[in-house]
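# An overview of the molecular structure
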Amino acid sequence: MVMGMEELLDADSVRSAVAVLDGWEGSPDAIVRTVGLRSFPAAIAVVDRVAVVAEEMDHHPDIDIRWRTLTFRCSTHAAGGVTTRDIALANRIDRILADAS
């Protein structure tokens, strides 16, 4: 399902949104969370679960994998910054990470 053009969030809206997320920071360009997992296989399992959710949402984060440290970066590339879709994806990532710990 492809969504229409999303409205960009301003700096205050992004700040308010990341304040209630777990460990996220960001700007109107992107929101980012870095987290360490207990092992490399545990980190890859999280990435696999995020991939399923991203496909369901048709919205995909940038993911950097460094051994057992993952960095998620959410931005709506077509809109040129952070939209409500990124906040929704970040919430789903938070739930996956909570289940993994």
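Since this is a predicted model, take the numbers as computed values, not measurements.

Each value, and the rule that gives it
- Residues numbered from 1 in each chain as written.
- Predicted model: local features only at pLDDT ≥ 70, side-chain atom pairs only at ≥ 80, totals over all residues.
- Heavy atoms only, no water.
- Helix = DSSP H or I, 4+ residues; strand = E, 2+ residues; numbered from the N terminus.
- Rg over C-alpha atoms; globule rule 2.2 N^0.38 Å.
- Buried < 20%, exposed > 50% of the residue type's maximum accessible area, 1.4 Å probe, protein only.
- Contact = heavy atoms within 4.5 Å.
- Areas by Shrake-Rupley, 256 points an atom, 1.4 Å probe, with all protein chains shown as cover.
- Core = buried A, V, L, I, M, F, W, Y, C linked by side-chain atoms within 4.5 Å.
- Arc of directions from axis to C-beta.
- Salt bridge = Lys/Arg side-chain N within 4 Å of Asp/Glu carboxyl O.
- Patch = residues over 30% accessible without salt bridge, like charges linked within 9 Å, V, L, I, M, F, W, Y side chains within 5 Å.

## Topic: the overall build of the protein
In terms of helices and strands, the protein carries three helices and four strands. Along the protein, from the amino end to the carboxyl end, the secondary structure elements read α-β-β-α-β-β-α. Its C-alpha atoms give the protein a radius of gyration of 13 Å, within 12% of the compact-globule value 13 Å for 101 residues. Dimensions of the protein, computed from C-alpha atoms along their principal axes, come out at roughly 35 × 30 × 20 Å. Looking at the 101 residues of the protein, the share that counts as buried comes to 41%. When contacts within the protein are restricted to residue pairs at least 6 apart in sequence, long-range pairs at least 24 apart make up 67% of them. As displayed, the protein offers around 5800 Å² of accessible surface, 53% of which is attributable to carbon and sulfur atoms.

## Details of the nonpolar core
Trp24, Ile31, Leu37, Val46, Leu70, Phe72 and Ile93 are the most contacted members of the largest nonpolar core, which has 27 residues in total. Of all elements in the fold, only helix 1 (11-19), strand 2 (31-36), helix 2 (40-57), strand 4 (69-74) and helix 3 (84-100) reach the threshold of two or more residues within this core. Setting aside residues no more than four positions away along its own chain, Trp24 makes contact with Val18, Ile31, Val32, Arg33, Phe72, Cys74, Ala90, Ile93 and Asp94.

## What to know about helix 1
One turn of an α-helix holds 3.6 residues; hence residues three or four places apart share an orientation. Those residues of helix 1 not exposed but buried are Val14, Ala17 and Val18. Seen end-on, helix 1 carries its buried residues on one side only, within an arc spanning 90 degrees. Looking at helix 1, the residues exposed on the side facing more than 90 degrees away from the buried face are Arg15 and Ala19. Along its buried surface, helix 1 packs onto strand 1 (25-26), strand 2 and helix 3.

## Brief notes about the pattern of salt bridges
Evaluation of the coordinates by the stated rule reveals six salt bridges. Asp12 is the partner of Arg15 in a salt bridge, and the nearest nitrogen-oxygen pair spans 2.4 Å. Residue Arg15 and its partner Asp12 are both found in helix 1; the two are separated by three residues, about one turn of the helix. Between Arg49 and Asp99 there is a salt bridge whose closest N-O contact spans 3.3 Å. Of the two residues, Arg49 is situated in helix 2 and Asp99 in helix 3; the sequence distance between them amounts to 50 residues.

## Regarding a nonpolar patch on the surface
On the surface, a nonpolar cluster with roughly 400 Å² of combined accessible area is contributed by Phe40, Ile63, Ile65 and Trp67. Relative to the helices and strands, Trp67 is located in the loop between strand 3 (62-66) and strand 4.

## What to know about the environment of Thr84
Considering the arrangement of structural elements, one finds Thr84 in helix 3. Between the alpha carbons of Thr84 and Val14 there is a distance of 9.2 Å; along the sequence they are 70 residues apart. With residues up to four places along the chain from it excluded, the contact list for Thr84 reads Glu6 and Leu9.

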